[in-house]
Amino acid sequence: MKFDKEYSTSFVEEMKFLRDKGIRYTWVYMNEEKVSVWKYKKEKRLWDALSDMYSSKEFEINNR
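Residues numbered from 1 in each chain as written. Predicted model: local features only at pLDDT ≥ 70, side-chain atom pairs only at ≥ 80, totals over all residues. Heavy atoms only, no water.

## Looking at the pattern of salt bridges
Next, step 1: Inspection of the entire model under this criterion finds four salt bridges.
Next, step 2: Between aspartate 20 and arginine 19 there is a salt bridge, with its nearest N and O atoms 3.5 Å apart.
Next, step 3: For arginine 19, a relative accessible area of 42% gives the class partly exposed.
Next, step 4: One salt bridge in this structure joins arginine 45 and glutamate 43, with 3.0 Å as the shortest N-O distance. (Salt bridge = Lys/Arg side-chain N within 4 Å of Asp/Glu carboxyl O. Buried < 20%, exposed > 50% of the residue type's maximum accessible area, 1.4 Å probe, protein only.)

This is the structure:
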């Protein structure tokens, strides 16, 4: 199993949230389906920002 040294996302809202927090992607590419994929250095401030994002009501998923 290969370990990816960078965090990746194709979720535009996630990229925008991280950008607004001052976290820049290290590079971006288009996958086979022509979807942009942003890659980020794995670091504590990235995980903290993602935790804040997914803890907010805006991104809450209701499984009811």
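## A word on the packing of aromatic side chains
Next, step 1: Enumeration according to the criterion identifies three aromatic pairs in this entry.
Next, step 2: Each ring, one from tyrosine 7 and one from tryptophan 47, has its centre 5.5 Å from the other, and the planes form 85°; the classification is edge-to-face. Here tyrosine 7, found in strand β1 (residues 6–9), pairs with tryptophan 47, found in helix α2 (residues 44–55); they are 40 residues apart in sequence, far enough to count as distant.
Next, step 3: With a centroid separation of 6.5 Å and an interplanar angle of 90°, the aromatic rings of tyrosine 25 and tyrosine 40 are classed as edge-to-face. With tyrosine 25 in the loop between α1 (12–20) and β2 (27–30) and tyrosine 40 in strand β3 (residues 36–41), this pair connects stretches of sequence that are 15 residues apart.
Next, step 4: Sitting over the face of the ring of tyrosine 25, arginine 24 holds its NZ or CZ atom 5.3 Å from the ring centroid. (Phe/Tyr/Trp six-rings, centres within 6.5 Å; stacked < 30°, edge-to-face > 60°. Helix = DSSP H or I, 4+ residues; strand = E, 2+ residues; numbered from the N terminus. Lys NZ or Arg CZ within 6 Å of the ring centre and 35° of its normal.)

## What about α2?
Next, step 1: For α2, which comprises 12 residues, the first-to-last C-alpha distance of 16 Å matches the rise-based estimate of 16 Å (1.5 Å per residue) to within 8%.
Next, step 2: All buried positions along α2 are accounted for by Leu46, Ala49, Leu50 and Met53. All buried residues of α2 project into a common sector of 100° when viewed along the axis, lining one side. Exposed positions of α2 whose direction lies more than 90 degrees from the buried face are Lys44 and Ser55.
Next, step 3: Considering only its buried residues, α2 is in contact with β1, α1 and β3. (Expected span 1.5 Å × (residues − 1). Arc of directions from axis to C-beta. Contact = heavy atoms within 4.5 Å.)

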